[in-house]
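Chains, contacts and geometry: an overview
For reference, the chains in residue letters:
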Amino acid sequence: LAQPYPGAGPRAKALFTFLLCFVVLSVATLRTGRLSNMFGFAIGFALFVGIVAVGGVSGAALNPAVALAIDASHAIKGGSVWAFLPYALAEFIGGAAAALVFAATRGSEMSTAEEKPLPS
């Protein structure tokens, strides 16, 4: 994949993994203002925006497991399986950053497992 500058792929993955994780946390874990009929729309739209925006730079796999699977399939044909590491690390950083920002901005509204049972 053509990258406009070195490190563009991992940076793009970190940014849009942050976006996706923050949206999931925002729509699925708050006690107040829950619009359960909008969960899928919000998460799907965040995923769509990430894929369209960075698909050409990073391959649009916003999940470390997908990145590993893609590189494992390339390794079967003689490529390196370790090429996914910077991308997976960027995705973990993006997810952790989203959790930290969410906890800092909306932490008082986060629900716990004792307060709200999981939907069946």
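Below, the structure is looked at part by part. (Residues numbered from 1 in each chain as written. Predicted model: local features only at pLDDT ≥ 70, side-chain atom pairs only at ≥ 80, totals over all residues. Heavy atoms only, no water.)

Once that is clear, we can look at the packing of helix H1 (residues 8–28) against helix H4 (residues 85–106). Between H1 and H4, the shortest axis-to-axis distance is 7 Å and the interhelical angle comes to 35 degrees. As for the relative orientation of H1 and H4, their crossing is right-handed in sense. Between H1, through Gly 9, Pro 10, Lys 13, Ala 14, Thr 17, Phe 18, Cys 21, Phe 22, Leu 25 and Ser 26, and H4, the contact on the second element is made entirely by Pro 86, Tyr 87, Ala 90, Glu 91, Gly 94, Gly 95, Ala 97, Ala 98, Ala 99, Val 101, Phe 102 and Thr 105. (Axes fitted to C-alpha atoms, helices over the stretch in contact; angles between N-to-C directions. Helix = DSSP H or I, 4+ residues; strand = E, 2+ residues; numbered from the N terminus. Left-handed = near helix turned anticlockwise from the far one by under 90°. Contact = heavy atoms within 4.5 Å.)

Let us now look at H1. Relative to the 30 Å expected for 21 residues at 1.5 Å per residue, H1 spans 30 Å between its end C-alpha atoms, a close match to the ideal helical length. Looking only at H1, the buried set comprises Ala 8, Gly 9, Pro 10, Ala 12, Lys 13, Ala 14, Phe 16, Thr 17, Leu 20, Val 23 and Val 27. (Expected span 1.5 Å × (residues − 1). Buried < 20%, exposed > 50% of the residue type's maximum accessible area, 1.4 Å probe, protein only.)

Next up on the list: a nonpolar patch on the surface. A surface patch of nonpolar side chains, amounting to about 550 Å² of accessible area, comprises Met 38, Phe 41, Phe 45, Phe 48 and Val 52. Within the element layout of this structure, Val 52 appears in helix H2 (residues 39–58). Given the relative accessible area of 56%, Val 52 is considered exposed. (Patch = residues over 30% accessible without salt bridge, like charges linked within 9 Å, V, L, I, M, F, W, Y side chains within 5 Å. Areas by Shrake-Rupley, 256 points an atom, 1.4 Å probe, with all protein chains shown as cover. Salt bridge = Lys/Arg side-chain N within 4 Å of Asp/Glu carboxyl O.)

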